[in-house]
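Next come the chains, spelled out residue by residue.
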Amino acid sequence: MPEIKVTPLGAGQDVGRSCILVSIAGKNVMLDCGMHMGYNDDRRFPDFSYITQNGRLTDFLDCVIISHFHLDHCGALPYFSEMVGYDGPIYMTHPTKAICPILLEDYRKITVDKKGETNFFTSQMIKDCMKKVVAVHLHQTVQVDEELEIKAYYAGHVLGAAMFQIKVGCESVVYTGDYNMTPDRHLGAAWIDKCRPDLLISESTYATTIRDSKRCRERDFLKKVHETVERGGKVLIPVFALGRAQELCILLETFWERMNLKAPIYFSTGLTEKANHYYKLFITWTNQKIRKTFVQRNMFEFKHIKAFDRAFADNPGPMVVFATPGMLHAGQSLQIFRKWAGNEKNMVIMPGYCVQGTVGHKILSGQRKLEMEGRQILEVKMQVEYMSFSAHADAKGIMQLIRQAEPRNVLLVHGEAKKMEFLKQKIEQEFHVSCYMPANGETTTIFTNPSIPVDISLGLLKRETAIGLLPDGKKPKLMHGTLIMKDNSFRLVSPEQALKELGLAEHQLRFTCRVHIQDPRKEHETVLRVYNHLKGVLKDYSVQHLPDGSITVESILIQATAHSEDQGTKVLLVSWTYQDEELGSYLTSLLKKGLPQSTS
Amino acid sequence: HQIRLKTTPQRDPTFHTRLPRCNTASPAPHGNNAAPHTPLPFSPQGGGRVPPFPSQPPALTGFNRPRPLVSHFPPPPPPPAGRSAASPLRDAVWCQRGAGRALPWRRWAPGKRRRREEKKKKSGCCSPCACEGAPAPVPVPLRVPRPPPQPPLRPSPRRYEDLHAFELQAPTRLIEWARGNRVCVAGYGQSGGNEILQLLPPPTLQVKETQGLCPERDFKVECGGFSNRPVYSLKYVPDTSLLVTSGPPDSSLQVWQVSAEDSDVIKPVGAIPTVNGTGQPWAKIATVSTRAPWVLHGSRLNSVQITEVESRKNVYMAASSNSEELSGLAFLDGNTLLLCCAKGQLCLADARQPQSPLEAVSVPSAPCGERWCMGVGRGPQGSDSSSQPVACLSSGGHLTLTDLRKTSESLASAKCRVPSPSSGAEFLCVSWAPALEGCLAISGFDGTVHVYDTQSWDSSGREAEPIFVHRGHAFGGSDSSGGPPLVTVHTWHPQKPRTLLSAASDGSLHVWDWVQSCGKCG
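Residues numbered from 1 in each chain as written. Chains lettered and ligands numbered in written order. Predicted model: local features only at pLDDT ≥ 70, side-chain atom pairs only at ≥ 80, totals over all residues. Heavy atoms only, no water.

## Some words on the pairing of strand S29 (residues 508–514) of chain B
Residue and element names in this part refer to chain B.
Phase 1: In terms of burial, S29 is largely enclosed, as seven of its seven residues are buried.
Phase 2: Burial along S29 is two-sided: the residues Ser508, His510, Trp512 and Trp514 and Leu509, Val511 and Asp513 are all buried.
Phase 3: Taken together, the five bridges between strand S28 (residues 499–504) and S29 define a ladder with antiparallel strand orientation. Residue pairing across strands places Ala503 opposite Leu509, the latter belonging to S29.
Phase 4: Where S28 hands over to S29, the hairpin turn is made up of three residues, of which Gly507 adopts a positive phi near 90°. (Buried < 20%, exposed > 50% of the residue type's maximum accessible area, 1.4 Å probe, protein only. Helix = DSSP H or I, 4+ residues; strand = E, 2+ residues; numbered from the N terminus. Pairing = 2+ DSSP bridges.)

In structure tokens form, the structure reads like this:
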């Protein structure tokens, strides 16, 4: 039986370093190639030696697909392609292709230049890696090779995030990457058509979460920012260059405009500026509203938000600053944080997740005295707030996507297995599909039941439908014909046509059976009795008495002869073709019961 | 720079012409597939399903909005006496949700729109706000007939300290607190496959004082189970990991085991059948564990009994020939039972005297023909539980407070200004605030929850003024039957004084912490 094998190398029952191997109909595809932000050792990258110990990776993989530009989905790509060695195609969407190298380069700088790590990929490697990338459009079917095709769907999570359908023949897998089912200010909601894949691989980061409405979350955020600004404090919002930063920028911009606030808003130069540039470029990937209005005014050209200069941090009075990076581990956001941390009027709002070891993680876990470089102690007096603005699908969103795609099997990654048994049962109950949650390195095998298209000749179809009742679309119908498998195609034709095409003569298979009947009368009288009996029983069939003394029931022939030894026993020869097997065996069993005593 | 140049899609001249086509394929399914209970009229994506009205900006409207704008307006008129809490203008925060449907929105919107036009003229800004659904550059095309002029908006004070709005996948008619400030909700659909969910509230709700740090504002599903019958009532059995549920079609109880460490599934472990339970109304339940895990249950006065949960042994059976239907029952302490009939009588019983006759200790003072329900408060620490008055609420909006030590007359009574319940008093609910003396909340009449301060009440029974009305649910989507959402249940946070949780028939679950308006609440 055909099967699909899925092995997560990362992200199985875990968040971070997403990397999933799928082997479908003899094709091997790697979905995402991410790294774990929380580790600095071997665990940072997926274990690619699983794919092959000593052979060339390119021989074992048909393609690599990257769903979006977050480092936990693409961070290991240069390592994989340049250091481990992979020369095959890498597919990603246009925005991902544009933004991904910037993030990789930024991360490389932090690890190599700041932390002084060696054995890390270089700038040149990032460039070489990006040369192997093939960019795809939304809903564009890309033929990887003759059999393997992929297609991207909108996922909403960040700019350029996509879900991918991988199809070989009639077997298919959909990989969602990270997706968001509720549209927000700058991105739309994920959408997929009813493609009925054999397997849906879905992320489930927020699967056990019932999310507070966006409205209430934003209200809370704005309230905190506004309160701080009103009392003359400064607000620092460390953000990742792309993703929620733009959402928050639009949110604050709108709020400032409505409230007529005068306090300046800045975003740190560099990454965010570049990012806004990309949003302007890829306006088609944003939501409809922004697409519609950008002719009059580009949503990403902010009126109230200006570029930040290092000197501004010391300016008196309230201000709001968006600064990168988001985890306060380096760069501008950390510089500003150190300047402002001492004043309890100020506030830092962390809009996202922070990995262990970063300043962001420390202050979120309640630490108030931080040891900075050079044994300096920084006392944090400013208020620390944490708001989650990440755009992931929650349990409801996952159910919604399953309803949209109607997969035959569901596989969840990014979640804790222990906590997901309920969700698994829920999916199985509601959609009657199997649900899997493999751990890293664990292989899940899914047996598929591929449907095979067969062409049927019109003549046969007409003939077969003419026999039975009117065709009912919902019920299976039995058809008789000859299946010809030739040149990789299947055709169902009538037997005569098949014989003609193949140049074969028709053979007939006949069954003959003897039935003994006790009847002392003459043969022709016995025949007459049998004839009358059959005519009485088989009212719906044409029973004929032929002049040569035999009886036909449809195409079945019955002849009577006297027994050679016992004249009182008559032997009935019943003969029928294979096609009339049913009627023939019925007739024999009928005759074996004997004739009725009363003669007519 | 090199990379950027290489990777910009401008290399592909067809990029801009091609992509829109790709995207046009998606909006229609977006519209069709968007869950009906998340209308999000302000959603920027929903091009095809933008409501006929220009949607309201989200989130911003509710608080503080007008403060800096106050100077643009003539001084606000004095609030109409006695209508302050009910004023639709104050509900701005809700208005985006019910865009176009809820009446208050209609009344409120044009004023706001007008004001925005004024503002636009002043600032010379012709661009739309980021969240508006309407094409803004055109002077707002009014698709609704302009109502008669209204007084300008007065700056509405903040109404909520904090507000959370959740969407459950199925509506619940119970919110039950469990150990560690967990809450439990359950579906009550007739079709089976009802979920029982034990939720871990967001950190903001778990601490007494609002700390600065609240990473998430979301409920976490800690464990869940599936019930094939509707769950109308659910109680945790104290000191065990069991819970007991009841619901139609008969008066039997189901017992569940809340999962162990290794699983998050609430498993059914058995049932407590009742004699002649078929055809009876669903059983009301109360649990206690002073001597052993007991469950008190019954659907009629003569079927009240106490069963030991683990051994299924009957330890008490009420002796009564009265087959009055019950609307609620409770343990006042380990031994004293309080029963409330749908017709309003209260009965006291003692579990130590099995077969003791039940006696009605009070009769309602309001006209009969109404359904009643009761709310038992927890007395102050150490005091006798019977010292706390019992509140009885009728479907006609009558509230009586009864001191159980002196049941001959009611302590106080009042008439609440509520519509007659459209659900046949099925969801009637009254509850005492555990951390706010003398305050109680009622719901079940429409899409609102009213909070009253009973301290000034007397026995005159005159109309009482709520100190707060939560209208959020009324602006939600419609429920399964297409009607406006009804509040099915509400409950107070056990520690936070002004925080309530309320659920409605559209599946919404709100957690709100209202702002005390000065000098009004005791």
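## So, the pattern of salt bridges
Phase 1: Taken as a whole and assessed by the stated rule, the structure comprises 35 salt bridges over all chains.
Phase 2: For Lys426(A), the salt bridge is made with Glu195(B), and the minimal N-O distance between the two is 3.3 Å. Of the two residues, Lys426(A) sits in helix H13 (residues 421–431) while Glu195(B) sits in strand S4 (residues 194–200), which places them in two different chains. As far as burial versus exposure is concerned, Lys426(A) and Glu195(B) are alike and both buried.
Phase 3: Linked by salt bridges that have partners in common, Asp212(A), Asp220(A), Lys224(A), Glu385(A), Asp162(B) and Arg217(B) make up one network. (Salt bridge = Lys/Arg side-chain N within 4 Å of Asp/Glu carboxyl O.)

## Overview of the packing of aromatic side chains
Phase 1: Going through the model one piece at a time under the given rule, you end up with 26 aromatic pairs over all chains.
Phase 2: The interplanar angle of 35° and the centroid separation of 6.2 Å between the aromatic rings of Tyr154(A) and Trp285(A) together place this pair among those described as tilted. Taken together, the positions of Tyr154(A) in strand S8 (residues 148–154) and Trp285(A) in the loop between helix H8 (271–281) and helix H9 (288–293) put the pair 131 residues apart, joining distant regions of the chain. Trp285(A) shares its class with Tyr154(A); the two are buried.
Phase 3: Seen in terms of ring centroids, Tyr232(B) and Trp282(B) are 5.1 Å apart; in terms of plane orientation they differ by 75°. Their pairing is edge-to-face. One end of the pair, Tyr232(B), is in the loop between strand S5 (219–227) and strand S6 (233–236); the other, Trp282(B), is in the loop between strand S9 (267–272) and strand S10 (284–288), with 50 residues separating them in the sequence.
Phase 4: Each member of the aromatic cluster is reached from another via a ring pair, and the members are Phe45(A), Phe48(A), Tyr79(A), Phe80(A), Tyr86(A), Tyr107(A), Phe120(A) and Phe121(A).
Phase 5: Directly above the aromatic system of Tyr206(A) lies the positively charged group of Arg211(A), at a separation of 4.3 Å from the ring centroid. (Phe/Tyr/Trp six-rings, centres within 6.5 Å; stacked < 30°, edge-to-face > 60°. Lys NZ or Arg CZ within 6 Å of the ring centre and 35° of its normal.)

## Examining the sheet that holds strand S8 (residues 253–257) of chain B
Sheet strands line up and pair through hydrogen bonds in the backbone, either parallel or antiparallel.
All names here are of chain B.
Phase 1: Spatially, four strands are ordered S6-S7-S8-S9 in an open sheet, and the strand pairing comes out antiparallel. Across the chains shown, the open sheet's two edge strands, defined by having one partner strand only, are S6 and S9. Along the sheet, successive strands turn relative to each other by an average axial angle of 25°, direction set aside.
Phase 2: As paired strands, strand S7 (residues 242–246) and S8 are joined by five bridges and run antiparallel to one another. Note on S8: the bridge partner recorded for Val244 is Val255. (Axes fitted to C-alpha atoms, helices over the stretch in contact; angles between N-to-C directions.)

## Concerning the sheet that holds strand S12 (residues 209–210) of chain A
Phase 1: If you trace the five strands from one edge of the open sheet to the other, you get S12(A)-S5(B)-S4(B)-S3(B)-S2(B), paired in antiparallel fashion. The open sheet has two edge strands, S12 of chain A together with strand S2 (176–178) of chain B, and neither has a second partner.
Phase 2: Here H13(A) sits on the sheet in contact with S4 and S5 of chain B, set at roughly 50° to S5(B). (Contact = heavy atoms within 4.5 Å.)

## Some words on the packing of helix H16 (residues 523–537) of chain A against helix H17 (residues 581–592) of chain A
All names here are of chain A.
Phase 1: Contact pair H16 / H17: the axes reach a minimum separation of 12 Å and the direction vectors enclose 120°. Comparing the axis directions of H16 and H17 gives the class oblique. In this structure, the crossing between H16 and H17 has a hand that is right-handed. The segment H16 lies against H17, with Val530, His533, Leu534 and Val537 engaging Tyr586, Leu587, Leu590 and Leu591. (Parallel < 35°, antiparallel > 145°, perpendicular 65-115°, else oblique. Left-handed = near helix turned anticlockwise from the far one by under 90°.)

## Quick notes on unusual backbone geometry
Phase 1: A cis amide bond, omega 10°, links Pro248(B) with the succeeding residue Pro249(B).
Phase 2: Within the fold, Pro249(B) resides in the loop between S7 and S8.
Phase 3: Although it is not a glycine, His432(A) adopts a positive phi angle of roughly 55°.
Phase 4: Mapping His432(A) onto the fold places it in the loop between H13 and strand S22 (434–436).

## Things to note about the environment of Cys216(A)
Phase 1: Counting through the fold element by element, Cys216(A) comes out in helix H6 (residues 214–230).
Phase 2: Its relative accessible area of 2% is what places Cys216(A) among the buried residues.
Phase 3: Remark: the alpha-carbon pair of Cys216(A) and Phe240(A), spanning 24 residues in sequence, is separated by 22 Å.
Phase 4: Once you skip the residues sitting within four places of it in the chain, Cys216(A) turns out to touch Leu163(B), His164(B), Ala165(B) and Arg217(B).

## Some points on the confidence of the model for chain A
It should be kept in mind that the predicted coordinates are not to be read in detail where pLDDT is low.
Phase 1: Chain-level pLDDT for chain A is 84 on average; 95% of the residues reach the 70-or-more range.
Phase 2: Element-level pLDDT for chain A is lowest in H8(A), with a mean of 71, against a maximum mean of 95 in strand S5 (residues 90–93) of chain A. (pLDDT = per-residue confidence, 0-100.)

## What about empty space enclosed by the protein?
Phase 1: Applying the stated criterion across every chain, the model contains 13 cavities of 30 Å³ or more.
Phase 2: Approximately 190 Å³ is the volume found for the second largest cavity.
Phase 3: Along its surface, the second largest cavity is lined by 18 residues, and Ile210(A), Ala395(A), Lys426(A), Gln169(B) and Val221(B) are the ones closest to its centre.
Phase 4: Among the residues making up the lining of the second largest cavity, the classes are represented as eight nonpolar, three polar and seven charged. (1 Å grid on protein atoms, 1.4 Å probe; cavity = no way out; pocket = protein on both sides within 12 Å on 5 of 7 lines; lining within 4 Å. Points joined across faces, edges and corners; volume = space filled by probe spheres on them. Nonpolar A, V, L, I, M, F, W, Y, C, P; charged D, E, K, R; others polar.)

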